[in-house]
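Spelled out from the first residue to the last, the chains are:
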Amino acid sequence: MRSTDIRSTFLDFFQKRDHRVVPSSPLVPSDPTLLLTNAGMNQFKPYFLGETTPDHSRAVSVQKCARTSDIENVGRTTRHATFFEMLGNFSFGDYFKAEAIAWAWELFTRHYNLDPERLWVTVYQDDDEAAHLWRRVGVPSSRIQRLGMEDNYWSMGIPGPCGPSSELHYDRGPSFGREGGPAIDGERYQELWNLVFMQNLRGEGTGKDDYPILGELPARNIDTGLSLDRLAAILQDVDTVCETDLLSPTFELVQQLAGRAYPGRDGSDDSTSFRIVTEHARSIAFLIADGVTPSRDDRGYVLRRLMRRAIRHSRRLGIDLALPDLTSSVIGTLGSTWPELTEHSDLIRQVVTAEEEGFERTLRQGSRLLDTAITRATSTISGRTAFELHDTYGFPIDLTIDAARSAGLTVDENAFAELLESQRRQAHRASQDKKGDAVARQELHRRIVSEHGFTDFVGYSSLTAETTVLALLTPHGKAQAATAGDEIEVILSRTPFYAESGGQVGDRGELHTSTAKAQVLGTRPGLDGLHIHTIRIQEGELRPGDEAEAKVDAAHRSATARSHSATHVSHAMLRRVLGDHATQRGSRVEPGRLRFDFTHNSPVEITPLQTCPFTGVAELR
Ligand code: SER
């Protein structure tokens, strides 16, 4: 079965069972606690948490996912990928285990026609109900295994909704590994579909399977995820995810450019490189299409790491400048299903070309430093030099080791590993702190919404509002009062203040009560639907429960609106001068000034234009 038919069979099956088809969300999530979209359920998190009520209680989707936790396994196993399409059906407080299990079995055995004798099931260790339901649809007890938290309890890897899960696996036969079911061998008994019974809320923890369960979600939900790559490999009877119709044109191109054939699943370095280059080319194209550009941190670093791995492995295979052609091939194969690839094809080509050429220069610079180190060393290159090469020049450690070996030297790999680990710990701490703050703030906002509901926004029709102070917030939690000189955040029952959005500054103005006067310095969004005002108390005392009058600074609002119009003009101008790929990547819109971010992968010549009607805008040539 072709991958397009696998997708449509899935969507039709669940649509007939009253599921609403929901488009994939982008790989760059709106959830600030998440780096990249890593599961179909991400966009539905507020429904599971009960923060928002969906207008339909069942959904089905094909979601683009990026997961780099398994990056080291890509190419080494037949099944891991850093990008994949996930087919999923979802229930928001509607059906639960019985329907999810019966439908999964029906779809697999009667629509995809998988041999029931080759299907195995795992359930969470004490989930007798799931085991019973699987037996009821016909799975014998001998093919149902019970596993622990690490395998059969699913969360997003961060605080949020979670629950026990049950997975469907397919036995690919003895040439893939040992007998004994999925508990013994994940290569042979390949996990295809994960059914998560979303019912709990997890807190912050130290690892994948070590976190506190804080309680129950408002309702019991279903979240399933079926890997299109893996199902396609089974239904198309190929060994690896690179050989399905989703990736085979790119896989063949890698072989053509390398001037030799893929050696097969023989465990050799070549076999691994062929698969890494193919798989990463797809992730790279999709990430760039969704607005990620290579950089030193966050998601930009994820992209850069994928690109550098793909480039290194393509060099191993003797291919120069591989990524422009390989990503074009990905676009050719998948562009009709995912039009954003075609729409951004020029940009993808420019970004990968610039990065690959830049990496080439990096390697040359690193080589000079390495040559000096080799000349000076008597027997060993220090861990610090290897680390500097890696950290400053992006020079991979295996290249350093190879070069040292050719000169009859060794590298102090232990010292290198220690430096790397200490840098990793530092980065992890920084990102945990960032995540921790964001999570704590979200928790506080969630409590306010459950007590008072969302902010009633009246700013489309009015610049003033009679309102009530619902809560005063400091960085450490709620406050009982604020007095003259305090700068504090306030949540109001109704507001005329626009919240900052998409880089456009929020409204400013004033807040008066019978006893206090405050300046509103800015407004930003909290949880979706909640407005947070930053105020400075000028006189008197402000307390939750106070009646107040809110008034927007009208001149500030209209100056912001003018800058907003100016971004549209700039955007149109950039597209006309540079081309359609010059799409918006971010912006800052405020009174009298704007910044417009766009991607273009060569220097842009700028001439200040005196006659331009708004200040600070330049003519591009
Ligand atoms: N959220 C689960 C997963 O990603 C099932 O969709 O595996």
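Because the structure is predicted, anything quoted here is derived from the model rather than measured.

**Structural notes on the pattern of salt bridges**
- Scanning the entire structure with this criterion turns up 36 salt bridges.
- Salt-bridge contacts for glutamate 51 lead to arginine 446; the nearest nitrogen and oxygen are separated by 2.2 Å. Note that glutamate 51 is positioned in the loop between α2 (45–49) and β2 (58–66) and arginine 446 in helix α15 (residues 413–452), a separation of 395 residues in sequence.
- On the basis of relative accessibility, which here comes to 14%, the residue glutamate 51 falls in the buried class.
- Residue classification places arginine 446 among the buried positions, given a relative accessible area of 16%.
- Across the pair glutamate 355 and arginine 308 runs a salt bridge whose closest N-O atoms are separated by 4.0 Å. Of this pair, glutamate 355 sits in helix α12 (residues 345–376) while arginine 308 sits in helix α9 (residues 298–316), and the two are 47 residues apart along the sequence. Each member of the pair glutamate 355 and arginine 308 is classed as buried.

**A few points about the site of the ligand**
- Surveying the vicinity of the ligand reveals the residues Ala39, Met41, Arg67, Met86, Trp154, Asn194, Val196, Asp223, Thr224 and Gly225.
- A distance of 3.0 Å separates an oxygen atom of the ligand from a polar backbone atom of glycine 225.
- Surface burial for the ligand is 97%, taken as the share of its 230 Å² of free accessible area covered by protein chains.
- Elements that contribute at least two residues to the shell around the ligand include exactly β8 (189–202) and β9 (213–227).
- At three residues, the largest contribution of residues to the shell around the ligand is made by β9.
- The residue makeup of the shell around the ligand, split by class, is five nonpolar, three polar and two charged.

**A word on the packing of helix α1 (residues 3–15) against helix α6 (residues 228–235)**
- Packing of α1 against α6 brings their axes to within 10 Å, and their N-to-C directions diverge by 115°. Here the hand of the crossing between α1 and α6 comes out right-handed. In this structure, α1 contributes Ser3, Ile6 and Arg7 to the contact, and α6 contributes Leu228, Leu231, Ala232 and Leu235.
- When grouped by side-chain class, the residues that make up the contact of α1 with α6 number five nonpolar, one polar and one charged.

**Some words on the nonpolar core**
- Judged by nonpolar contacts, the single largest core of 100 residues is most densely connected at Phe108, Tyr112, Trp134 and Trp193.
- Beyond its immediate chain neighbours, meaning those up to four positions away, tryptophan 193 contacts Phe10, Phe14, Asn89, Ala104, Leu107, Phe108, Ser166, Glu167, Leu168, Thr224, Gly225 and Leu226.

**Details of helix α4 (residues 128–137)**
- Buried within α4 are the following residues: Ala130, Ala131, Leu133 and Trp134. Angularly, the buried residues of α4 cover 160° about the axis, an arc narrow enough to put them on a single face.
- Where α4 is buried, its residues touch α3 (97–111), β4 (119–124), β5 (144–147), β7 (160–171) and β8.
- Just beyond α4, the residue with positive phi is glycine 138, at close to 120°.

**Some thoughts on the side chain of arginine 202**
- Here arginine 202 is to be found in strand β8.
- Separated by 2.9 Å, the side chains of arginine 202 and serine 155 make a polar contact.
- Beyond its immediate stretch of four places on either side in the chain, arginine 202 contacts Ser155, Gly157, Ile158, Pro159, Gly160, Cys162, Tyr211, Pro212 and Leu214.

**Brief notes about unusual backbone geometry**
- For aspartate 18, which is not glycine, the phi dihedral falls at a positive 65°.
- Mapped onto the fold, aspartate 18 is located in the loop between α1 and β1 (20–21).
- In the Ramachandran plot, asparagine 113 falls in the positive-phi region, its phi being about 55° despite a non-glycine side chain.

How each quantity is defined
Residues numbered from 1 in each chain as written. Predicted model: local features only at pLDDT ≥ 70, side-chain atom pairs only at ≥ 80, totals over all residues. Heavy atoms only, no water. Salt bridge = Lys/Arg side-chain N within 4 Å of Asp/Glu carboxyl O. Helix = DSSP H or I, 4+ residues; strand = E, 2+ residues; numbered from the N terminus. Buried < 20%, exposed > 50% of the residue type's maximum accessible area, 1.4 Å probe, protein only. Near = heavy atom within 4 Å. Polar contact = N/O pair within 3.5 Å; in protein donor to acceptor, adjacent residues only side chain to side chain. Areas by Shrake-Rupley, 256 points an atom, 1.4 Å probe, with all protein chains shown as cover. Nonpolar A, V, L, I, M, F, W, Y, C, P; charged D, E, K, R; others polar. Axes fitted to C-alpha atoms, helices over the stretch in contact; angles between N-to-C directions. Left-handed = near helix turned anticlockwise from the far one by under 90°. Contact = heavy atoms within 4.5 Å. Core = buried A, V, L, I, M, F, W, Y, C linked by side-chain atoms within 4.5 Å. Arc of directions from axis to C-beta.

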